[in-house]
Amino acid sequence: MHHYESKTALKNAIQQAYEKYLSEFDVIPETLKDEVCPETDRTPAQNLAYQVGWTNLLISWEQDERKGLPVKTPSDQFKWNQLGELYQWFNQTYAHLSLTELKNHLAYNIQILYNLMDTMSDEALFSLHQRKWADDATKKAKWTVSQFIHVNTVAPLTTFRTKIRKWKKHCL
């Protein structure tokens, strides 16, 4: 698990992963957004829907806790042992959008995340037991908010960049 030393370092990691990831979609035409490729597990639209879905959840956890609302991770409808169903829900909810709409939604979510991070103290972001949602999300492991941000932005943007590159290699 990556530990960041500052908000700037975390934001830079997100931005680098995000820019590299997004650039992969520059050559994919809208007409191929739903193209199923046997060598890969997601279409381009599904690949982006995953990023939009997780960043939406991450934002909602923090925003709901700030409003004093109870937070159930990963979501009100799904438990951690139902991630396959959650990913199907991401696809149903977001994959019908155009690649441009999905990219815009992801860009918006990244900015919201930056704004949330900017309004958090370093202690809230980098120390344990600062958010009930973060403490309640895992049974045994204890993660900081910054670790959840990493796992739901930098890590999947990096992993899914590899997936979209494979899709491009086999289907473009």
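Definitions and cut-offs
- Residues numbered from 1 in each chain as written.
- Predicted model: local features only at pLDDT ≥ 70, side-chain atom pairs only at ≥ 80, totals over all residues.
- Heavy atoms only, no water.
- Helix = DSSP H or I, 4+ residues; strand = E, 2+ residues; numbered from the N terminus.
- Contact = heavy atoms within 4.5 Å.
- Salt bridge = Lys/Arg side-chain N within 4 Å of Asp/Glu carboxyl O.
- 1 Å grid on protein atoms, 1.4 Å probe; cavity = no way out; pocket = protein on both sides within 12 Å on 5 of 7 lines; lining within 4 Å.
- Points joined across faces, edges and corners; volume = space filled by probe spheres on them.

### Section: the side chain of N109
Consideration 1: Within the fold, N109 resides in helix α4 (residues 99–118).
Consideration 2: What N109 contacts, discounting residues up to four positions off in sequence, is V52, T55, N56 and I59.

### A few points about the environment of L106
Consideration 1: By secondary structure assignment, the location of L106 is in helix α4.
Consideration 2: Between the alpha carbons of L106 and T55 there is a distance of 7.6 Å; along the sequence they are 51 residues apart.
Consideration 3: The contact partners of L106, leaving out residues within four places of it in the chain, are Y18, Y21, L22, L48, Q51, V52, T55 and L157.

### Digging into the pattern of salt bridges
Consideration 1: Within this structure, the stated rule accounts for ten salt bridges.
Consideration 2: Here E24 makes a salt bridge to R161, at a shortest N to O gap of 3.0 Å. Of this pair, E24 sits in the loop between α1 (7–23) and α2 (44–66) while R161 sits in helix α8 (residues 154–171), and the two are 137 residues apart along the sequence.
Consideration 3: Sharing partners across several salt bridges, the network here consists of E24, R161, R165 and K168.

### Looking at empty space enclosed by the protein
Consideration 1: Counting across every chain of the model gives one cavity of 30 Å³ or more.
Consideration 2: Computed from the structure, the largest cavity encloses a volume of approximately 50 Å³.
Consideration 3: Considering the residues around the largest cavity, the lining is formed by L58, E62, L113, L116, M117, M120, V145 and I149.
Consideration 4: Counting residues per element, the ones that place at least two in the lining of the largest cavity are α2, α4 and α7 (145–152).

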